[in-house]
Amino acid sequence: MGAGVVTSARVTHDAAGVDDIADASPESQSAAVATLLTRPEIEEAFVLSTCNRVEAYVVAPDAAVGQAALEDVFTDADGDAVCWADHDESLRHLLRVAAGLESVVIGEDQIIGQVRDAYEDARRSGGIGPMLEIAVTKAIHVGERARTETSINEGIVSLGSAATTLAAADVDGGLEGTTALVVGAGEMGRLAARSLDDAGASEVIVANRTVSHADHVVSELGSEGDAVALEAIDTIAARADVVVAATGSAEPVLVPRHLDAADRKQVVVDLGQPRDVCPTAASLPSVTVYDLDDLETVTERTREQRANAAGEVEAMIDEEFALLLEQYKRTRADEVIAAMYESAERVKQREIETAISRLEASQDGAVTDEQREIVESMADSLVGQLLAPPTKSLREAAAEDDWSTINTALQLFDPEFGPEVPASVLESGSEFGTRTSLGAIDDD
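The model shown is predicted, which means the values in this text are computed figures rather than measured ones.

Participant: Hey, could you run me through helix α4 (residues 87–99) in this one?
Facilitator: Given 3.6 residues per helical turn, the α-helix brings residues three or four places apart onto the same face. With 13 residues, α4 ought to run about 18 Å at 1.5 Å a step, and its terminal C-alpha atoms sit 19 Å apart, in line with that. With 11 of 13 residues buried, α4 is to be regarded as a mostly interior element. Within α4, burial applies to H87, D88, S90, L91, H93, L94, L95, R96, V97, A98 and A99. Where α4 begins, the side chain of D86 points an oxygen toward the backbone nitrogen of E89, at a separation of 3.2 Å. Two residues or fewer after α4 comes G100, characterised by a positive phi angle close to 90°.

Participant: Can you help me understand unusual backbone geometry in this one?
Facilitator: What you tend to see is this: most non-glycine residues have negative phi, and most peptide bonds are trans. With phi around 70°, E41 is a residue other than glycine that occupies positive phi space. With respect to the secondary-structure elements, E41 resides in the loop between α2 (29–37) and β2 (44–49).

Participant: Teacher, can you tell me more about the environment of T38 here?
Facilitator: Among the structural elements, T38 can be located in the loop between α2 and β2. The exposed category is assigned to T38, whose relative accessible area is 58%. For T38, the side chain forms a polar contact with the main-chain oxygen of T35, separated by 2.5 Å. A polar atom in the side chain of T38 sits 3.2 Å from the side chain of R39.

Participant: So what exactly am I meant to see when it comes to the packing of α2 against helix α5 (residues 110–124) here?
Facilitator: The angle between the axes and the distance between the axes are what describe a pair of packed helices. Contact geometry of α2 with α5 gives a least axis separation of 8 Å together with a crossing angle of 45°. Between α2 and α5, the angle is such that the two are oblique. The element α2 and its partner α5 pack so that their crossing is right-handed. Counted together, Q29, S30 and V33 of α2 and D117, A118, D121 and A122 of α5 form the full contact between these two elements.

Participant: Looking at this structure, I do not really get the sheet that holds strand β5 (residues 179–183). What am I missing?
Facilitator: Hydrogen bonds along the backbone pair up the strands of a sheet, which may run parallel or antiparallel. Read across the sheet, 6 strands follow the order β7-β6-β5-β8-β9-β10 without closing on themselves; strand pairing throughout is parallel. Two strands in the sheet have a free side with no partner beyond their single neighbour: β7 (224–229) and β10 (287–290). Across the sheet, the mean angle separating the axes of adjacent strands is 15° when strand polarity is ignored. When β5 meets strand β8 (residues 242–245), the two strands line up parallel, connected through 4 bridges.

Participant: Just to check I follow, could you spell out helix α3 (residues 63–73) for this structure?
Facilitator: A63, V65, G66, A69 and L70 are the residues of α3 that are buried. For α3, the angular spread of the buried residues around the axis is 160°, confining them to a single face. Among the structural elements, β1 (5–12), α2, β3 (53–60) and β4 (83–85) are those in contact with the buried residues of α3. Two to three positions downstream of the cap, the backbone nitrogen of A64 sits 3.1 Å from a side-chain oxygen, assigning the N-cap of α3 to D62.

Participant: Can you walk me through a nonpolar patch on the surface in this structure?
Facilitator: A contiguous nonpolar surface patch, about 330 Å² in accessible area, is contributed by M378, L382 and L386. Along the chain, L382 turns up in helix α13 (residues 369–399).

Participant: Got a minute to help me understand the environment of A333 in this structure?
Facilitator: Within the secondary structure layout, A333 lies in helix α12 (residues 307–362). Under the relative-accessibility criterion, A333 is labelled buried at 3%. If near-sequence neighbours (up to four positions away) are discounted, A333 is found in contact with L394, R395 and A398.

Participant: Just checking my understanding: could you explain the sheet that holds β4 for this structure?
Facilitator: If you walk across this open sheet you meet the 4 strands as β2-β3-β1-β4, and the pairing is antiparallel. At either end of the open sheet lies a strand with only one pairing partner, and these are β2 and β4. Direction aside, neighbouring strands of the sheet carry axes that sit 10° apart on average. As paired strands, β1 and β3 are joined by 8 bridges and run antiparallel to one another. Within β3, the position partnered with T12 by the bridge is R53. In the packing of α4 onto the sheet, the strands contacted are β1, β2, β3 and β4, and the crossing angle to β1 comes to about 50°. Contacts from helix α6 (residues 130–149) reach β1, β2 and β3, with the element oriented near 35° to β2.

Participant: What should I look at first to understand the pairing of β5 in this one?
Facilitator: Burial runs high along β5: 5 of the 5 residues are buried. By the alternation rule, side chains of β5 split into T179, L181 and V183 and A180 and V182, which are all buried. Pairing geometry for β5 and strand β6 (residues 203–208), over 5 bridges, is parallel. Bridge pairing in β6 places V183 opposite A207. Crossover handedness for the path β5 to helix α8 (residues 187–198) to β6: right-handed.

Calculation rules
- Residues numbered from 1 in each chain as written.
- Predicted model: local features only at pLDDT ≥ 70, side-chain atom pairs only at ≥ 80, totals over all residues.
- Heavy atoms only, no water.
- Helix = DSSP H or I, 4+ residues; strand = E, 2+ residues; numbered from the N terminus.
- Expected span 1.5 Å × (residues − 1).
- Buried < 20%, exposed > 50% of the residue type's maximum accessible area, 1.4 Å probe, protein only.
- Polar contact = N/O pair within 3.5 Å; in protein donor to acceptor, adjacent residues only side chain to side chain.
- Axes fitted to C-alpha atoms, helices over the stretch in contact; angles between N-to-C directions.
- Parallel < 35°, antiparallel > 145°, perpendicular 65-115°, else oblique.
- Left-handed = near helix turned anticlockwise from the far one by under 90°.
- Contact = heavy atoms within 4.5 Å.
- Pairing = 2+ DSSP bridges.
- Arc of directions from axis to C-beta.
- Patch = residues over 30% accessible without salt bridge, like charges linked within 9 Å, V, L, I, M, F, W, Y side chains within 5 Å.
- Areas by Shrake-Rupley, 256 points an atom, 1.4 Å probe, with all protein chains shown as cover.
- Salt bridge = Lys/Arg side-chain N within 4 Å of Asp/Glu carboxyl O.
- Right-handed = clockwise from strand over helix to strand, strands pointing away.

Structure below.
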């Protein structure tokens, strides 16, 4: 595990609007990771891009290098919407994201699957190295614990269910007996369709470019449903009481002519990122359009209901974050100890062969197996006894964040093991400081 620190930048629903997030969104997570890895001195990269957030994490020799690389990636984003984080904050934030504490819907279940997908994308692009492997898998573990050991995901558990709640409040008599149209058959669309079905919609139509995917979503519903091609919205959208749009389209898929239903009121919820519904549709007198920003009001009650569970998850994150730091420390110390033993093994083998050669010369013949075993056993014992105290000291140094000692040991036992840890990392009071220890070297 090389010397490096994690730096991150993000544009999320907390500080940015729908359009800001769209501006920051990469072509794909994999492409964004690949781009970051082309930047000088970037060793690892991880990018998470969803409808509510675009987050990028890099491992670099120091924070300045990491920030420079991230600035290139976020050039299209409004500077006021970008939030920067140093090593410790980046890693703790990642745990919070996977646990659902940073979601629009606190505790929602979809985000943990999105983190897993982002991890696989980054891994395939070569962005996952020893530091981010530990950090991202720890985040996934924390997310799983939060949902199985607390009630953080009770009630409204997705943007799809939040969209249904928002629509139900705006439809006279609720959603019982209504016709609902879901545009998009991805995870968000599937959750929205299921939620509309549970809310009593008599018919749920799913439109998607790939009709077989829409068929799969409809097959999971209890109410009457139909799967249609995306082009069918030209005729179907106008007869729907509720429309939920959640596609990955770069352009709006719903425009005013699709929604011109003068005979009744329509509620449209746009979950797309970028927008799936043309903003001018909101000017139609019979149409009410909600977007991701509007869901904040719906989810405020959920935030209040889950306050106690969120407190439990916060405590869980504190615990897991401490374990993560310890894991980094153990890993780093073990690397140094391994280098020390490898160096000793080379010396040991060389001296054993020298001793055997001298024995053979002194007795005019090859040594016996028993004699060789005695020599090797003595050499092993000497190495073990000589290295036991420094092994103990190195583990103690790691536990106490004494990375100056660790770095010195690396150079003494294996000068080619790796570059010296930057002085800025080792200086007490520097950006990450010795407090983050492995953070500076491999922190959480």
